[in-house]
Amino acid sequence: MTYIAKPRLHHPELPKNALGFTRRDYEGRVSTLCAGCGHDSISASIVQACFELDLQPHRLAKLSGIGCSSKTPDYFLSHSHGFNTVHGRMPSVLTGANLANRDLIYLGVSGDGDSASIGLGQFAHSIRRGVNMAYIVENNGVYGLTKGQFSATSDKGSKSKKGVVNTDSAIDMVMLALQLGATYVARSFSGDKAQLVPLIKGAIAHRGPAFIDCISPCIAFNNHAGSTKSFDYVREHNEAVNRLDYITGRAPIHAAYEPGETIEVTQHDGSVLKLRKVAADYDPRDRIAAMAFLQERDAAGEIVTGLLHVDPDSHDLHDHLGTVSAPLNRLPDDALVPGSAALEKINGALR
Amino acid sequence: MEPTNTEAPEYFHKVVDCQWACPAHTPVPEYIRLIAAGRYSDAYMVNWKSNVFPGILGRTCDRPCEPACRRGRVEEEPVAICRLKRVAADNKDDITARLPKAPERKNGFRVACVGAGPASLAVARDLAPLGYHVTVFDGDPKGGGMIRTQIPRFRLPEEVIDEEVGYITGLGLDMKYGQRIESLKALLAEPYDAIFVGSGAPRGRDLDVPGREEARANIHIGIDWLSNVSFGHIEKIGKRVIVLGGGNTAMDCCRTSRRLGGEDVKVIVRSGYDEMKASPWEKEDAQHEGIPILNFLAPKAFTYEGTNGSTRLTGVVFQKMGWTTDDKGKRRLLPTGEPDQHFECDDVLVAIGQENAFPWIERDVGLEFDEWDMPKVDPVTLQSTNPKVFFGGDAAFGPKNIIWAVAHGHDAAISIDRFCRGQDVGLRPPPNVLQSSQKMGIHEWSYDNDISNDERHRVPLLEKDKALSSIKFEVELGFDKGLGYAETQRCLNCDVQTVFSTPACIECDACVDICPMDCITFTANGEESDLRTRLKAPAENETQDLYVSGTLPTGRVMVKDEDVCLHCGLCAERCPTGAWDMQKFLLDMTHAGEKACGR
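Thresholds applied
- Here the residue index of a chain counts from 1 through its sequence in written order.
- Both sets of labels track the order of writing: A upward for chains, 1 upward for ligands.
- Only residues with pLDDT of at least 70 get local features here, since the model is predicted, and only at 80 or more are side-chain atom pairs given and counted; chain-wide, interface and lining totals rely on the full set of residues.
- Helix and strand definitions follow DSSP, with helices as H or I runs of at least four residues and strands as E runs of at least two, each counted in order from the N terminus.
- We take the radius of gyration over the C-alpha atoms and set the globule estimate at 2.2 Å times the residue count to the 0.38 power.
- Burial in this document is a count-based property: other C-beta atoms within 10 Å of a residue's C-beta are tallied, and the residue is buried at 20 or more, exposed at 12 or fewer, or partly exposed in between, with C-beta positions derived from the backbone.
- Residue-level confidence of the predictor is what pLDDT reports, using numbers from 0 through 100.
- Pairs of strands are assigned from DSSP output, requiring at least two bridges between the strands.
- Angles shown run from 0 to 180 degrees and are taken between the N-to-C directions of axes, each axis being a line fitted to C-alpha atoms and, for helices, limited to the stretch in contact.
- Note on contacts: each residue gets a C-beta atom placed from the backbone, and two residues are in contact if those atoms are within 7 Å.
- Under the scheme applied, nonpolar residues are Ala, Val, Leu, Ile, Met, Phe, Trp, Tyr, Cys and Pro; charged residues are Asp, Glu, Lys and Arg; polar residues are all the others, including Gly.
- When an angle is under 35 degrees it counts as roughly parallel; over 145 it counts as roughly antiparallel; between 65 and 115 it counts as roughly perpendicular; any other value is oblique.
- Crossing handedness is defined as follows: a turn of the near helix away from the far one that is anticlockwise and smaller than a right angle gives a left-handed crossing, while the clockwise case is right-handed.
- If the strands point away from the viewer and the path from the first strand over the helix to the second runs clockwise, then the crossover is right-handed.
- The span you would expect from a helix comes to 1.5 Å times its residue count less one.
- What we call a nonpolar core is a set of buried Ala, Val, Leu, Ile, Met, Phe, Trp, Tyr and Cys residues whose membership is set by joining through C-beta atoms within 7 Å.
- Start and end positions for the domains come from either an automated domain assignment or a database one.
- The arc in question is the one traced by the directions running from the helix axis out to the C-beta atoms.

(A) Examining the overall build of chain A more closely. Each helix and strand counted, chain A has 12 helices and 13 strands in total. A globule of 351 residues ought to have a C-alpha radius of gyration of about 20 Å, and chain A, at 21 Å, matches this closely. Each principal axis of the C-alpha atoms in chain A carries an extent, and together these give about 70 × 50 × 50 Å. For chain A, with 351 residues in total, the buried portion stands at 47%.

Written out as structure tokens, the structure reads:
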């Protein structure tokens, strides 16, 4: 952490977005994480993505659990709604918030401890229910706050800072998300903002459960030789399947690519995900093939990154439940509290 | 681009914009920190060593440092560097014990200085402590030159001049007041080892238009008139005064007139307001005292009444001017053809420029003059074509200002010292440079890295009616200690450099993310013109350098645009490996007789 607040002064030529905000307006308080933490780069990417999306900060809710990762919502989007929940319970609180006010954009920020250990069940159910959210796991494969124990995503055979070898199998959250029915699944690296920022933008614009597993090196406890989540290891083993250009519906498309080199996916809000293929024959629309590909590359020791799966025909929890289209806070009292006669009627139907 | 060579002192010196812009290269951030710490005497001595006249310059400097100040690029206004210098001078203790002393045993060399202005005094200050016997000649009864004669007392009290001129004359100089040098040839015949000419630009330009001769009783040359006011020979002026000219002398003339009985004082300028040579703050000060500045009016004739022997000035006729673009697309100031305008007045002060005048230098003493009738002087060594004769200040290259005169003085003193000792005058001593990390703890620095959000503080002024009641009342009251402290906090400590170590960097992006000014980018290397467009914020200010690292493990380089860096040290605080460090770069110019390296 630093002792001084980040100065208010900014570059005189700092661009403004359609709302007249600069990127700096999307920042939060100064980070208290260790110097060099990958999480700070993810925060910076979220700031950049929201700035580029012309997001009104008050239209977004950021929710998190417990852990280094879950502290980060304090460090971005100071003017958004926020909820720092109990350890591992962020997905449930997010689900509830989403049911009550479907108009907000929900950003779940969690870590490997919060989502793969104590909150694994919550994570699984929020995905399988199809909650409309962008769920980012800042995955450093280590319990940083408690000084460096292996987490549930630490790879089998990787070494702790003290040289202890991990004997447990790792939970691959991307595979879990794919298996549970997430309709937007990506993996990225905190050290590659060019890849990460468009993925966050796509996830925010996606309707349905969007999941990003972002590998984020823990400088203090997991950035040594023998770690599989260090800067050096990830850079060496990173295999991007595609590069994403996120294009809002109204913006004209300038980039020209050879036919067959790109895949375009139009999302519900009209935004276009334009994917430049890096791995030939990889089509993220095919979930089964994606899973097979990931398993295969994982066995080969590669870390596959990019937009791994996207379902253009996604649905969300509200579609499944047939809920009312307005957020609850906009319904009049008589609709929210229909009275004892309506209750009698419901009770009668259940007898 | 090649990796930046930060070993060369020029690179980091250039980052300290104020020090780089200062002709004497005063270490500005260093003394501002001393003022912030309440160490006024220390701050004063840092200044005194570098610019010789801190109290005088703290009131009158042309402050080339301020337009260069980085603060002016990150917000509206630069740090009030000049007035902070005055804070040091106003609040210092008795520093006489800290001044150098002339050795009892002289070194046997004798140097004559022509003129007792800032250039000559700077030469004397540097040479006398080395044992030189320095003789200073001046036609005026007191020392200081234009500092005393041309700067009015309401801007610069006499005590300040006496004090700071006294520090130098106290070094055992042989002051010959009231002795104007009328012949260089005669001076050369005397047993001096070297002669320094610091005689200034003593001739005010005249305006030769109809009526000049007839109305001469009420038409005065600005600098002569100011000098006469300074020495108490003139104490009054007419009620209606027109000042011709748009430079700083014009501003001094009009403000002096207001204090000597001028009620309706106008400044009338040939060019537009923005093209005027006066410093913006001097124009503002004049306007604040109720003096209108009229632009685009060229004097055409003086009007007068009466006949031979008893004529009296009645006013000035002006031709209206305006900017037009000629065939070649060049902007020219030409008469607009509108009817002429007549302004009535009782007195006119002509302040339309100054010239050098060397009627006292014979043309057969081995001293060559150029086509503009200026002596040929080497811009670095300040030596003329007569190797014994050196020039400095306005006498060398035409009218500049005090701080340039001081810088010339230092350089000429080095030359004279080397010349007398039979060394090559062209070999210049390199500056002394100290560079050291400011790290005190994990996130602690030995400088105050928090950035003040204050806007530039205004210097409190004496109440206007009182200020105009006498020429002796100093208008600016100066910052008090509290305001001075607040203003010091606006300084960005540009001398505390961001120093990057390529082998230590792990490319985690932490510095990029935290940098409030988007100075830092990790990207593929390229030509400078290409790199400038590819940075996180485009680097459009080409006067500011790019700091480029060696190639990093990912094949990229770190590029830092120095332009708007706040030197807040957050990059170094967020760096997990210490690849960034904040290091103070203290550059001290080497003056005559000082060891060039190692102290």
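(B) Structural context of the overall build of chain B. Helices and strands together make up the secondary structure of chain B, namely 22 helices and 24 strands. Compactness check: chain B gives a C-alpha radius of gyration of 27 Å against a globular reference of 25 Å for 599 residues, within 12% of the reference. Along the first, second and third principal axes, the C-alpha atoms of chain B reach 90 × 65 × 50 Å. Looking at chain B as a whole, 48% of its 599 residues are labelled buried.

(C) Highlighting the confidence of the model for chain B. This prediction gives chain B a mean pLDDT of 94; 99% of its residues lie at or above 70. Interface confidence for the predicted complex, expressed as ipTM, amounts to 0.90; the pTM equals 0.90.

(D) The sheet that holds strand S12 (residues 272-277) of chain A, seen in detail. Residues and elements named next belong to chain A. The strand order S10-S12-S11 describes an open sheet built from 3 strands, whose pairing is antiparallel. Lying at the two open borders of the sheet, with one neighbouring strand each, are strand S10 (242-247) and strand S11 (262-266). Going across the sheet, the axis of each strand differs from the next one's by a mean of 20°, ignoring polarity. Taken together, the 6 bridges between S10 and S12 define a ladder with antiparallel strand orientation. In the strand pairing of S12, Ile 247 is matched with Val 272. In the packing of helix H7 (residues 193-205) onto the sheet, the strands contacted are S10 and S12, and the crossing angle to S10 comes to about 50°.

(E) Geometry of the interface of chain A and chain B. Chain A puts 22 residues into the contact, and the matching count from chain B is 29 residues. Sort the elements by how many residues they give to the side of chain A that touches chain B and helix H1 (residues 38-52) of chain A lands first, with 3 residues. Its residues assigned to classes, the side of chain A that touches chain B shows 11 nonpolar, 6 polar and 5 charged.

(F) Representation of the packing of H1 of chain A against H7 of chain A within the structure. Residue and element names in this part refer to chain A. Two elements in contact, H1 and H7, have axes separated by 9 Å at closest approach and are oriented at 55°. The orientation of H1 with respect to H7, classified from their angle, is oblique. The handedness of the crossing between H1 and H7 comes out as right-handed. In this structure, H1 contributes Ser 41, Ser 45, Ile 46, Gln 48, Ala 49 and Glu 52 to the contact, and H7 contributes Lys 193, Leu 196, Val 197, Ile 200, Lys 201 and Ile 204.

(G) Layout of the sheet that holds strand S22 (residues 546-548) of chain B. Residue and element names in this part refer to chain B. Taken in spatial order, the 3 strands line up as S21-S23-S22 in an open sheet, and their pairing is antiparallel. Because the sheet does not close on itself, it has two edges, and the strands there are strand S21 (520-523) and S22. Geometrically, the sheet is characterised by an average inter-axis angle of 25° between neighbouring strands, direction not taken into account. Across 3 bridges, S22 lies against strand S23 (residues 557-561) in antiparallel orientation.

(H) Main features of unusual backbone geometry. Residues and elements named next belong to chain B. Residues other than glycine seldom take positive phi values, yet Phe 296 does so here, at roughly 60°. Its location among the elements puts Phe 296 in the loop between strand S9 (293-294) and strand S10 (297-305). For Asp 509, which is not glycine, the phi torsion reads 80° and is therefore positive. Inspection of the secondary structure puts Asp 509 in the loop between strand S20 (496-500) and helix H20 (510-514).

(I) Looking closely at the pairing of strand S7 (residues 240-244) of chain B. Residues and elements named next belong to chain B. With 4 of 5 residues buried, S7 lies mostly within the body of the structure. In terms of strand pairing, S7 meets strand S8 (residues 264-268) through 5 bridges, oriented parallel. Within S8, the residue paired with Val 241 across the bridge is Val 265. Once you follow S7 into helix H14 (residues 248-259) and on to S8, the crossover reads as right-handed.

(J) Region of the structure containing helix H4 (residues 40-51) of chain B. All names here are of chain B. In this model H4 runs 16 Å from its N-terminal to its C-terminal C-alpha over 12 residues, within 8% of the 16 Å that 1.5 Å per residue would give. Within H4, burial applies to Tyr 40, Ala 43, Tyr 44, Val 46, Asn 47, Trp 48, Ser 50 and Asn 51. Elements that come into contact with the buried residues of H4 comprise helix H3 (28-36), helix H5 (54-60), helix H8 (81-91) and helix H17 (402-420). At the C-terminal side of H4, Val 52 shows a positive phi close to 65°.

(K) Summary view of the nonpolar core. Within the largest apolar cluster, 210 residues are counted, with the highest numbers of intra-cluster contacts made by Ile 200 of chain A together with Val 123, Ala 124, Leu 127, Phe 196 and Ile 416 of chain B. Among the elements that take part in this core, H17 of chain B stands out by supplying 11 residues, more than any other. Counting residues in each nonpolar core, the second largest holds 38 residues, with Cys 254, Val 265, Phe 318 and Val 348 of chain B among its members.

(L) Spotlight on the domain arrangement of chain B. Residues and elements named next belong to chain B. Domain assignment breaks chain B into domain 1 (9-97 + 449-488), domain 2 (100-202 + 356-420), domain 3 (204-352) and domain 4 (496-588). On a C-alpha basis, the centres of domain 1 and domain 3 stand 32 Å from each other. Domain 1 puts 5 residues into the contact, and the matching count from domain 3 is 6 residues.

(M) Representation of the environment of Gly 348 of chain A within the structure. Residue position: Gly 348 of chain A is located in helix H12 (residues 340-350). Separated by 29 residues in the primary sequence, Gly 348 of chain A and Asp 319 of chain A place their C-alpha atoms 27 Å from one another.

(N) View of helix H13 (residues 222-230) of chain B. All names here are of chain B. Turning to H13, its buried residues number three or more, namely Gly 222, Ile 223, Trp 225, Leu 226, Val 229 and Ser 230. For H13, the buried positions fall inside an angular range of 160° around the axis, keeping them on one side. Residues of H13 that are buried in the fold lie against helix H10 (146-149), strand S5 (203-204), strand S6 (219-221), H14, strand S14 (347-350) and strand S15 (354-355). In the segment just after H13, Gly 232 is the residue with positive phi, at about 80°.

(O) Structural detail: the environment of Gly 306 of chain B. Residues and elements named next belong to chain B. One can find Gly 306 in the loop between S10 and strand S11 (312-325). Taking the C-alpha atoms as reference, Gly 306 lies 43 Å from Ala 116; in sequence the two are 190 residues apart. Discounting residues that sit within four places of it in the chain, Gly 306 has contacts with Thr 311 and Arg 312.

(P) Main features of the packing of helix H6 (residues 173-180) of chain A against helix H9 (residues 287-299) of chain A. All names here are of chain A. Direction vectors running N to C along H6 and H9 enclose 160°, while the axes themselves pass 11 Å from each other. Taken together, the axes of H6 and H9 are roughly antiparallel relative to one another. The crossing of H6 and H9 is left-handed. Between H6, through Val 174, Met 175 and Leu 178, and H9, the contact on the second element is made entirely by Arg 287, Ala 290, Met 291 and Leu 294. In the contact of H6 with H9, the residues fall into 6 nonpolar, no polar and 1 charged.

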